[in-house]
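# Analysis of the macromolecular model
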Amino acid sequence: MATRSRAQPTPDAATDPARSKPARLRAELFSPTLSYLMEAHNGLSAKIVEEAGFKGIWASGLSMSAALGVRDNNEASWTQVLDQLEFMSDATTIPILVDGDTGYGNFNNVRRLVRKLCQRQIAGVCIEDKLFPKTNSFVGEAQPLADIDEFCGRIKAGKDSQTDADFVLVARIEALISGWGLDEALRRAEAYHRSGADAVLIHSKKSTADEIFAFCREWAGRSPVVIVPTMYYRTPSEAFEANSVNMVIWANHNLRAAITAMRAVSSRIMREHGLIGVEGEIAGVKEVFDLVGQSELTQAESRYLAPQQQRPRAIVLAATQGTKLGPLTANRPKCMIDLRGEPLLRRLVATLNESGVRDITVVRGFAKETVDLANIKTVDNDAFAATGEVASLACAEAALDGDCVVSYGDILFRPYIVDDLIGAEGDIVVVADARWNSPGHRAPDRQIDRVKCGRAFTGSYLDEGPAPLVAIAPDLPSSETHGEFIGLVKLSDRGTSLVKAELARMRADGSIASADLPDLLTRLMAQGVPVSVLYITGHWLDVDDAFDLAKARNLM
Ligand code: SPV
Ligand code: MG
């Protein structure tokens, strides 16, 4: 014979997280105080039951069926129920007593059911003495009951099949529901107890608990008693305790609450054709994320994802008006000018997204209310008119954390450039175009940020990694210029720390307001911080003046 039930456990075992779920349900059932199970019907409702403080879950057959949109007549198959239970069990740490209906057939079906439940750490099952396919106890009158001996066979088969010694089998007596009366209920309770049931569930559809209490008196504690006071809901729990009930099941109240809430919100949105009325009255999206543990995944990603899969966040500096574009930027900043039907910034954000960079903070300044795109966070540099790039970067200091890409807000580039930059070695890497001097590239008088490197671009595939940056400034002589800084920088975790420390120093010495990115990089290099250059050859553009804009629109 397989494992049989254990002796009565000590009461504090009910909440000991070191103990198995079946052991904790068993402890609840046998504890001297009244215990409660709360209904859940899927992973989310199970989590909410645990969050509320319940020590156990009733996986209701009625509720799981209704949540699937079917009747409580075994229309959902037993394996479909098992799937629901797996989600509920995975989502929670407290034990689950599952409503196993009739056991889905005869003794043989019960054996397989119990083995499968034990495999999933479901703590116990309740089976009722009716026939497959079952009918809910509150539907119709005089439902046929199972033959006592046949049902005892189901109980024995279930107990003989449990692979966890603490697994709980509750035998549910439907004699009162079906109108057979107290004597029949007691006769059945006795037979089920002798067959090895750990507890009996005595069910009633009366509006008072009289027949339940009469049963309890006669039963006299021969085994724990479980009740479902759905119909005699007015009876206070003190009365259950006084009548030696061991466990109360609140059987369907989360499902019914969900129906009421969903009806109210659906009809209101239908009526109002809008969301404003309901928004403050329903759980926020963040609550949804919290309930399903979204933050744990973020932490796990930083622990387990390969470094090349961990995409940095991005900070886009987009505070300037861009006065050289005349009336085009009278009411909106340069980053929002139209490039063939789309704002420049939307194209930039899409490129970053394409490279897996999704956490994007845009620093707004001029006409900030016009910088309003999906999937970006914004911070504001309200002193944009009197300050420069570094001051804007400092406004986004909270986002300067871990690996980070910093981009000007008026540039566009092919996605492979971000991919290469993210993969480039070095704590601080800047992107420079080696074809800075090619004809027709720029308006003739246009000022650019020139870079001087430890190694010129050769175009050879054998060039090993980024070149060291030696100087970055607009006024380097052409003979010493190896490229044009395009306004794209990668900072490693260490790189962001170095930059933050430098921002603090610049704040202290008053240089932060007017500084641009080349000034910041120059200061870092002066302290011996290595900065590298990733060479590219074209495949990018910026939009500074009408010449650039015409070129950009042609390229789009
Ligand atoms: C359930 O919750 O599915 C039950 C309890 O079995 S009752 O609906 O009262 O039968
Ligand atoms: Mg049921």
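Residues numbered from 1 in each chain as written. Chains lettered and ligands numbered in written order. Predicted model: local features only at pLDDT ≥ 70, side-chain atom pairs only at ≥ 80, totals over all residues. Heavy atoms only, no water.

## A closer look at the overall build of the protein chain
A count of helices and strands for the protein chain gives 19 helices and 21 strands. In terms of overall size, the protein chain is more extended than a compact globule, its C-alpha atoms giving a radius of gyration of 35 Å where 556 residues would be expected to give roughly 24 Å. Its C-alpha atoms give the protein chain principal-axis dimensions of about 105 × 55 × 40 Å. Put simply, the protein chain has 556 residues, and 50% of those count as buried. Within the protein chain, residue pairs in contact and separated by at least 24 positions form 73% of the contacts whose partners lie at least 6 positions apart. Surface accessibility of the protein chain: about 25900 Å² in total, with carbon and sulfur atoms responsible for 53%. Counting 61 positive and 73 negative side-chain charges, the protein chain places the centres of these two groups 4 Å from one another. (Helix = DSSP H or I, 4+ residues; strand = E, 2+ residues; numbered from the N terminus. Rg over C-alpha atoms; globule rule 2.2 N^0.38 Å. Buried < 20%, exposed > 50% of the residue type's maximum accessible area, 1.4 Å probe, protein only. Contact = heavy atoms within 4.5 Å. Areas by Shrake-Rupley, 256 points an atom, 1.4 Å probe, with all protein chains shown as cover. Lys, Arg positive; Asp, Glu negative; His and termini not counted. Charge placed at Lys NZ, Arg CZ, Asp CG, Glu CD.)

## Here we look at the environment of serine 35
Positionally, serine 35 belongs in strand β1 (residues 35-40). When its relative accessible area of 2% is taken as the criterion, serine 35 is described as buried. For the pair formed by serine 35 and threonine 163, sequence separation is 128 residues and the distance between their alpha carbons is 25 Å. Filtering out sequence-adjacent residues up to four positions away, serine 35 remains in contact with Glu28, Asn246, Met247 and Val248.

## Some remarks on helix α6 (residues 148-161)
Taking 1.5 Å of rise per residue, 14 residues should cover 20 Å, and α6 covers 20 Å from first to last C-alpha, within 8% of that figure. Of the residues making up α6, those classed as buried are Ile148, Phe151, Cys152, Arg154, Ile155, Ala157, Gly158, Lys159 and Ser161. Residues of α6 that are buried in the fold lie against α1 (21-30), α5 (107-119), β4 (124-128), β5 (168-173) and α7 (182-194). By the N-cap criterion, in which a side-chain oxygen at the helix start approaches the backbone nitrogen of a residue two or three places on, α6 is capped by aspartate 147, the distance to aspartate 149 being 3.1 Å. (Expected span 1.5 Å × (residues − 1). Polar contact = N/O pair within 3.5 Å; in protein donor to acceptor, adjacent residues only side chain to side chain.)

## A few points about the domain arrangement of the protein chain
Under the domain assignment, the protein chain is made up of domain 1 (11-249), domain 2 (260-304) and domain 3 (313-555). Taking only C-alpha atoms into account, the centre of domain 1 sits 65 Å from that of domain 3. (Domains from an automatic or database assignment.)

## Comments concerning the site of ligand 1
Taken together, Trp58, Ser60, Gly61, Leu62, Asp99, Asn136, Ser137, Phe138, Arg172, His203 and Ala251 make up the full set of residues adjacent to ligand 1. Serine 60 is positioned such that a nitrogen or oxygen atom in its side chain is 2.6 Å from an oxygen atom of ligand 1. Bound to the protein, ligand 1 loses 100% of the 280 Å² it would expose on its own. A class-by-class count of the residues in the shell around ligand 1 yields 4 nonpolar, 5 polar and 2 charged. (Near = heavy atom within 4 Å. Nonpolar A, V, L, I, M, F, W, Y, C, P; charged D, E, K, R; others polar.)

## Some thoughts on the side chain of histidine 203
Counting through the fold element by element, histidine 203 comes out in the loop between β6 (199-202) and α8 (210-219). Of the residues examined, histidine 203 reaches a relative accessible area of 3% and is grouped as buried. In contact with histidine 203, other than residues within four places in its own chain, are Ser137, Phe138, Arg172, Ile173, Glu174, Leu176, Ile177, Ile212 and Val228.

## Considering a nonpolar patch on the surface
Nonpolar side chains collect at one region of the surface, where Leu44, Ile48 and Val292 lie side by side and expose about 240 Å² of accessible area between them. Mapped onto the elements, valine 292 comes out in the loop between α12 (285-291) and α13 (294-304). (Patch = residues over 30% accessible without salt bridge, like charges linked within 9 Å, V, L, I, M, F, W, Y side chains within 5 Å. Salt bridge = Lys/Arg side-chain N within 4 Å of Asp/Glu carboxyl O.)

## Focus on the packing of helix α17 (residues 493-509) against helix α18 (residues 517-526)
Viewed as axis vectors pointing N to C, α17 and α18 meet at an angle of 105°, and their least axial separation amounts to 11 Å. Relative to α18, the element α17 lies roughly perpendicular. Along its contact with α17, which presents Leu498, Val499, Glu502, Arg505, Met506 and Asp509, the element α18 presents Leu520, Arg523 and Leu524. Here the residues of the contact of α17 with α18 sort into 5 nonpolar, no polar and 4 charged. (Axes fitted to C-alpha atoms, helices over the stretch in contact; angles between N-to-C directions. Parallel < 35°, antiparallel > 145°, perpendicular 65-115°, else oblique.)

## Regarding the sheet that holds strand β7 (residues 225-227)
Strand order in the closed barrel made by the 8 strands is β1-β2-β3-β4-β5-β6-β7-β8, with parallel pairing throughout. Strand-to-strand twist across the sheet, computed as the mean angle between neighbouring axes with direction ignored, equals 25°. Across 2 bridges, the pairing between β6 and β7 is parallel. Pairing of leucine 201 across the sheet is with valine 226, part of β7. (Pairing = 2+ DSSP bridges.)

## Re the pattern of salt bridges
Inspection of every chain in the model, using the stated rule, returns 41 salt bridges. Close ionic contact of aspartate 166 with arginine 26 constitutes a salt bridge, the shortest N to O distance being 3.8 Å. On the criterion of sequence distance, the pair formed by aspartate 166 in the loop between α6 and β5 and arginine 26 in helix α1 is long-range, its members being 140 residues apart. Across the pair aspartate 380 and lysine 368 runs a salt bridge, and its minimum N-O distance is 3.4 Å. Taken together, the residues span a long stretch of sequence, with aspartate 380 in strand β13 (residues 377-380) and lysine 368 in the loop between β12 (360-364) and β13 at a distance of 12 residues. Judged by its relative accessible area of 27%, aspartate 380 falls in the partly exposed class.

## Re the side chain of serine 45
By the secondary structure assignment, serine 45 is in helix α2 (residues 43-52). Taking the relative accessible area as the measure of exposure, serine 45 reaches 7% and is therefore buried. A distance of 2.9 Å separates the side chain of serine 45 from the backbone nitrogen of histidine 41, its partner in a polar contact.

## Notes on the packing of aromatic side chains
For the structure shown, the criterion picks out 8 aromatic pairs. Taken together, the aromatic side chains of Phe213, Tyr232 and Phe240 make up a single cluster linked through ring pairs. (Phe/Tyr/Trp six-rings, centres within 6.5 Å; stacked < 30°, edge-to-face > 60°.)

## Here we look at unusual backbone geometry
Peptide bonds are, in most cases, trans, and in most cases residues other than glycine have a negative phi. With an omega dihedral of -5°, the bond running from phenylalanine 132 to proline 133 counts as a cis peptide bond. Located in the positive-phi region is glutamine 121, a residue other than glycine, with phi close to 60°. Tracing the sequence through the fold places glutamine 121 in the loop between α5 and β4. Notably, arginine 340 is not glycine yet its phi reads approximately 50°, a positive angle. By secondary structure assignment, the location of arginine 340 is in the loop between β10 (338-339) and β11 (342-343).

## Re the packing of α5 against α6
Following both chains from N to C, one finds α5 and α6 inclined at 30°, their axes separated by 8 Å at the closest point. As judged from the angle between their axes, α5 and α6 are roughly parallel. Crossing handedness for the pair α5 and α6: right-handed. Across from Phe107, Val110, Arg111, Val114 and Arg115 in α5, the residues of α6 making contact are Gly153, Arg154, Ala157, Gly158 and Ser161. For the contact of α5 with α6, the class distribution of residues is 4 nonpolar, 3 polar and 3 charged. (Left-handed = near helix turned anticlockwise from the far one by under 90°.)

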